[in-house]
Amino acid sequence: MITRTRLAAGACALLAALAAGMAFPAGASAGEPTGEDAPKVDLVLDVSGSMRTRDIDGGTRMAAAKQAFNEVLDATPEEVQLGIRTLGADYPGDDRKTGCKDTAQLYPVGPLDRTEAKTAVATLAPTGWTPIGPALLKAADDLDGGAGSKRIVLISDGEDTCAPLDPCEVAREIAAKGIGVTIDTLGLVPSTKLRKQLSCIAEATGGTYTSVEHTDELTDKVNQLVDRAADPVVTPVATEGTDACAKAPTLKSGLYTDREEFGQQRWYRVDVEPGQELRASVSVGADRAVNPSYGVLLRAVTVHGREIVRGEAAGNGRTDVLSTGLRYPKAESDEDDAAAEAVCLQVTNSFSVASGVKTTPGLPLELTVDVVDGPGDSDDVAAFGLGRGWWLLGLLVLVGFVAGLLWGWLSRWRFAIWRTN
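Residues numbered from 1 in each chain as written. Predicted model: local features only at pLDDT ≥ 70, side-chain atom pairs only at ≥ 80, totals over all residues. Heavy atoms only, no water.

### Quick notes on the pairing of strand S14 (residues 307–315)
Taken together, the 8 bridges between strand S13 (residues 294–301) and S14 define a ladder with antiparallel strand orientation. Considered in S14, the bridge of Gly 295 is made with Ala 314. (Pairing = 2+ DSSP bridges. Helix = DSSP H or I, 4+ residues; strand = E, 2+ residues; numbered from the N terminus.)

Below is the structure:
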């Protein structure tokens, strides 16, 4: 029981460390928060005819959205540049071609004038179609430029009505641009089809999907997402792996982005000093339609080609991003001037596509590298998953042994008394 608990805790801690990239050391030269550009948020609101429906706290969906927006505008941090874009707000007719172009910037992304923004929101009335795809493309343009965090918050009560421009494919296209936009989605109706579409949009850019059915839930969630945009962000550094370790770029601790062709190998190098530990993780995104059954492999090997450790993950088409990680602690050296070891990181994927699907540019790849001080004492290293819990296990065994002796002695004494009587 103790072993399983500690093994599970250790595995969870390792996965969390690899996924988050751990805290980068002060001297990291890549992927550090810049803090130079203001965070930007574009609120994209569905103003289609279905927003007239009265099923949220006794009022219309539009009334709930307006109330939530007013409260969010009051609570928006000063450092956040916020804008509002609408879809389906202006064209009430039946012409599909015109209705699918109905998206407009209600309030431009920039320093927030709360009175002006509230006045603009007050003029909205449910009107037309639901062109989610076109609205997302325009919203990405609204946020273009600068290196700060960029977030689109899409609020809708229905599916896109402008296919074949699939909004999920649009989200993948936005992710492939590499401009760092995250799309979060909120659904105002507990519909399976809507949930599926909005979830796909969010997952394509690393965002979140939430279903809300009350005004206060909508307010709280939008506030949370706007506040999240103001948090410091880590900006990935573009790098270019090679087809062999000998030619690979040497990376320091940080967050890196690259592109990897289908079935291609990408190599990178990391210098690890004696007594340090290398922690690395990689994520490869399927930003276009791929065949099911695929995998990602991350290997750490020596410059001579001997494998040290590997991490691998497999997918079956149900996720757009596949991630794996590894860790390699290098032992201390008795020599004071011992040289660092050059560790080669190899990233391989087994994604494939059907004929007609573009294979260029390569799939987006994100690599986290973290070199930290390794365990210093032998008792810092877990032994069979127990680590320092061995003394507790020994104590429990001893207590169990003594308790068994006492119970046996007491049972025999009671049995002897019973026979005597």
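### Section: the sheet that holds strand S1 (residues 40–46)
Strand order in the open sheet formed by 6 strands is S5-S4-S1-S6-S7-S8, and the pairing between neighbours is mixed. Taken across any chain shown, the strands that pair with only one partner, and hence form the sheet edges, are strand S5 (103–110) and strand S8 (209–211). Direction aside, neighbouring strands of the sheet carry axes that sit 15° apart on average. In the sheet, S1 pairs with strand S6 (residues 150–156) via 6 bridges, with the strands oriented parallel. Looking across to S6, one finds that Val 41 is bridged to Arg 151. (Axes fitted to C-alpha atoms, helices over the stretch in contact; angles between N-to-C directions.)

### Section: the pattern of salt bridges
Counted according to the given criterion, the structure contains 17 salt bridges. With a closest N to O distance of 2.9 Å, Arg 299 and Glu 307 form a salt bridge. The partly exposed category is assigned to Glu 307, whose relative accessible area is 30%. Arg 310 is paired through a salt bridge with Glu 307; the nearest N and O atoms lie 2.9 Å apart. A relative accessible area of 39% places Arg 310 in the partly exposed class. By sharing partners, the salt bridges in this structure join Arg 299, Glu 307, Arg 310 and Glu 312 into a single network. (Salt bridge = Lys/Arg side-chain N within 4 Å of Asp/Glu carboxyl O. Buried < 20%, exposed > 50% of the residue type's maximum accessible area, 1.4 Å probe, protein only.)

### Considering the side chain of Glu 277
One can find Glu 277 in strand S12 (residues 276–285). You can call Glu 277 buried: its relative accessible area is 3%. In this structure the side chain of Glu 277 is engaged in a polar contact, spanning 2.7 Å, whose partner is the side chain of Arg 327. (Polar contact = N/O pair within 3.5 Å; in protein donor to acceptor, adjacent residues only side chain to side chain.)

### Focus on the packing of helix H2 (residues 61–75) against helix H4 (residues 114–122)
As a packed pair, H2 and H4 sit with axes 10 Å apart at the nearest point and diverge in direction by 170°. With respect to H4, the axis of H2 lies roughly antiparallel. Listed contacts from H4 to Lys 66, Phe 69, Asn 70, Leu 73, Asp 74 and Ala 75 of H2 are Arg 114, Ala 117, Lys 118, Val 121 and Ala 122. (Parallel < 35°, antiparallel > 145°, perpendicular 65-115°, else oblique. Contact = heavy atoms within 4.5 Å.)

Take it as geometry only, folks, not as evidence of what the structure does.
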